[in-house]
Amino acid sequence: MTNFILGTAGHIDHGKTALIKALTGFDCDTHPEEKQRGITINLGFSHLDLPDDNSIGIVDVPGHQNFVNTMVAGAHGIDILLLVIAADSGIMQQTIEHLQIAESLGIKKGFVVLTKIDLVDQESIAKIENDIKDSLEDSFLEGCTILRTSAVTGEGIESIKKYLMGVVEKSSKIENSKIFRMYIDRIFSVAGFGTVVTGSALGGMIKKDDKLFLLPANKELRIRKIERHGKEVQNIATGNRVSLNLVGLSKEEFKRGMLLSDRFIEPTLMIDVQLSLFKYIRPIGTWSDVIFLTGTYSNQASMHLIDKSKATGGETVIAQIHLSEPCVVLRGDRFIIRNTSGLKTLGGGEIFDANPLHHKRRTEKTINQLRKISNGDNREFIFSEVRKKRKPVSLKNNTEEFFFHANNVTDSVNSSLPDDISLINTKTETYLILSSEKKKIAAEILGSVENFHKQNAMLEKGRTADELSGVVNKYLNDSTEIILKSILSELVTEQKLKQIENTWSLYNHSAKLDDKLEKQVGFIEKYFKNSNMHVPLHAKLVLQAKTKGIDEKRLNQIIKLLTSENKLIKVESTYIHSSIVRNCRKKLLNYFDNHSDGITVAAFRDLIKGNRKICLLLLNLFDSEETTFRDGDLRRITEKGKEQITENG
């Protein structure tokens, strides 16, 4: 089954709706006012079942100039344009405007149907066809097929169907996004089912019971039922007209311009665009008030020209659009701008950045960067993302988010970098970061290590990675750990840091103890050794330390030194000499080597001849080491503990 949407365009009263009825058997003018006035006001929808079993969606757009906004909404998602021109009228104003709008919205294929041929003679038809060919020069319809038809007599209807079969057969749908999006063009309630919405699927795929988001309201919904061309289906993909029965949405919550997506997309009030102005419009200045249209979204906006101070008809410019209401768009979306009265279309183009920085100053550097991005330079676009976010940007995540070819982008980025962007390579990822931010991170790391040395002058070791992570986390994101390690490695290579075990010290730092300090360290260590099977009392230690001229600050530094050298082991809030811990562990392992049962606290106390408090501390330590585990009132040996017995012979 081919996913395909056909859209009509053309001047008012040229027979678009009658042609669709002749092709499909369905009348797209379903609103009373349309019947009364004889013109299409709202979008009309139908489908055409072709003889080869393919079925294509059809969008019939209004031709009256007062409903161009509606025409733009309908044109989004169209794969092929059917330009309708009446044989008794020829090309008119709205014919040209519709053609320009279709081209601006990125429609690449189309054909012309000459209607009402029953009202004119063959000579007139030939003349009008020549006029059409001349008018279509330099447009995407130049040289296209022109088919003759009459909705009254039925002449040419089968030729159109046959032509469409050939087009569908040769066409392949190119999916430009994995994100499902659908502008809601109709919303209504069905008794017994609830709210139903319709639209054209612009990307991705959804299935029954999937979760959807109504944007920009960010309301979560669920799909109860999906229909395509009036038939229930289990899933739907890009290039289809879609009807969705939704759970969680009421008509009162809907506003025109909202869309559905399978994920949250950040709304924006500012976008960067490449704009092609239509010929014969008046020159526009640096700032202009316009109406901005994309999908069903239509709102007042201010337009700021970036690479020019004034633009005239036929020119292509870079501009920044400042929207009055939030809009949900993606890079690559197409748009139209009209004058503030809504009576004249000024031009259209493509969004190349949906969430840009505010370009307050139009510097040559900024203009050059934006020109590259607008011309499809993915490498420059990624650099712009780094400048916006300031925190490290994953190259892999960016290529996936914006659907770039990963190898091409990676090779391109690695080939050369601008001065303000730095590369961080890890074992698993490549990150980009502002050079200024990377320098800040390095400075914070060096400053933190330096302060640590000042407070712990006796320690050769420095800060751990966990400690440094807390210092620099404000500059990083969920990739803090791997990026920090990479920056630490660079600082070691640059001989600004050195790694000592699991810590980092300043490269030139050296902890030296003079004779007096060595004696003080020896005194404190001896105190812990002599505590034997009793818990060392800190208050008593402080008093004894003062007799040797050791204040409490120096005492804490000495304890840190002894701990870093593994001479003291911290257990909860207490320090025990490592020789005591080793001796007690050895006794406990010997006990388990000769006893298959567990050991109680009382039995352990008798074994090591210590008081109850130190016994509890030691047993908790051995549990944390996974040498033992608690089983009620007993401690039992673990597999790890058994391995230690074997290793100790």
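Quick notes on the rules
Residues numbered from 1 in each chain as written. Predicted model: local features only at pLDDT ≥ 70, side-chain atom pairs only at ≥ 80, totals over all residues. Heavy atoms only, no water. pLDDT = per-residue confidence, 0-100. Contact = heavy atoms within 4.5 Å. Domains from an automatic or database assignment. Core = buried A, V, L, I, M, F, W, Y, C linked by side-chain atoms within 4.5 Å. Buried < 20%, exposed > 50% of the residue type's maximum accessible area, 1.4 Å probe, protein only. Helix = DSSP H or I, 4+ residues; strand = E, 2+ residues; numbered from the N terminus. Salt bridge = Lys/Arg side-chain N within 4 Å of Asp/Glu carboxyl O. Pairing = 2+ DSSP bridges. Phe/Tyr/Trp six-rings, centres within 6.5 Å; stacked < 30°, edge-to-face > 60°. Lys NZ or Arg CZ within 6 Å of the ring centre and 35° of its normal. Axes fitted to C-alpha atoms, helices over the stretch in contact; angles between N-to-C directions.

Mean pLDDT for the protein chain: 86, with 91% of residues reaching 70 or above. Scored below 50 in pLDDT, residues 29-42 shows 29 contacts in the model against residues more than four places distant or in partner chains. For residues 63-67, every residue scores under 50 in pLDDT, and the model assigns this stretch 19 contacts once sequence neighbours within four places are set aside.

Okay, the domain arrangement of the protein chain next. The accessible area lost on association of the parts is a frequent measure of interface size. Once the domains are mapped, the protein chain shows domain 1 (3-170), domain 2 (181-261), domain 3 (268-369), domain 4 (390-512) and domain 5 (515-648). Between domain 2 and domain 4, the C-alpha centre-to-centre distance is 45 Å.

Right, let's get into the nonpolar core. Membership of the largest hydrophobic core comes to 34 residues, with the highest contact counts inside it found for V273, L275, F292, M303, I321 and I337. The set of elements that each furnish at least two residues to this core consists of β11 (211-215), β17 (268-277), β18 (287-294), β19 (297-305), β20 (316-327), β21 (334-338) and β22 (345-353). Of all the elements, β20 adds the most residues to this core, at five residues. Each of domain 2 (181-261) and domain 3 (268-369) contributes no fewer than three residues to this core. Those residues in contact with V273, other than ones at most four positions away along the chain, are V317, I318, A319, I321, F335, E350, I351 and F352.

For the structure shown, the criterion picks out 31 salt bridges. A salt bridge links D307 to R371; the shortest N-O distance between them is 3.9 Å. Highlighted residues: D307 in the loop between β19 and β20 and R371 in helix α7 (residues 364-374), separated in sequence by 64 residues. Residue class for D307 comes out buried when judged on its relative accessible area of 17%. You can call R371 partly exposed: its relative accessible area is 34%. A salt bridge links R387 to D420, with the nearest nitrogen and oxygen atoms 2.7 Å apart. You can see R387 sitting in helix α8 (residues 378-389) and its partner D420 sitting in the loop between α10 (406-415) and β24 (421-425), a full 33 residues away along the chain.

That bond from L215 to P216 is cis: its omega, 10°, falls within 30 degrees of zero. Tracing the chain through its elements places P216 in the loop between β11 and β12 (219-228). Phi at N566 takes a positive value of approximately 60°, unusual for a residue other than glycine. In this structure, N566 sits in the loop between α16 (552-564) and β29 (568-571). Of note in the backbone geometry, E626 takes a positive phi value of approximately 65° without being a glycine. Note on placement: E626 falls in the loop between α19 (612-624) and β31 (628-631).

Now for the pairing of strand β32 (residues 634-637). The alternating pattern of β32 places R635 and I637 on a buried face, while none of L634 and R636, on the opposite face, is buried. Counted along the chain from β31 to the antiparallel partner β32, the turn is two residues long, and its residue G632 has a positive phi close to 70°.

Now for the packing of aromatic side chains. Tallied over the full model, the rule gives six aromatic pairs. Ring geometry for Y527 and F528: centres 5.7 Å apart, planes at 85°, overall edge-to-face. Measuring from centroid to centroid gives 5.8 Å for Y591 and F592, while their planes differ by 80°, and the two rings are edge-to-face. Members of the aromatic cluster, each reached through a chain of ring pairs, are F292, Y297 and F335. It is R331 that lies over the ring of F381; its NZ or CZ is 4.0 Å from the centre.

Here we come to the sheet that holds β24. Across the sheet, three strands lie side by side as β23-β25-β24; this open sheet has antiparallel pairing. The open sheet is flanked by β23 (393-394) and β24, the only strands paired with a single partner. Both β24 and strand β25 (residues 430-434) contribute to a ladder of five bridges, which runs antiparallel. By the bridge assignment, I424 is partnered in β25 with Y431. Of the strands in this sheet, β24 and β25 are in contact with helix α11 (residues 435-455), which crosses β25 at around 95°. Running at roughly 100° to β24, helix α13 (residues 480-493) makes contact with β24 and β25 of the sheet.

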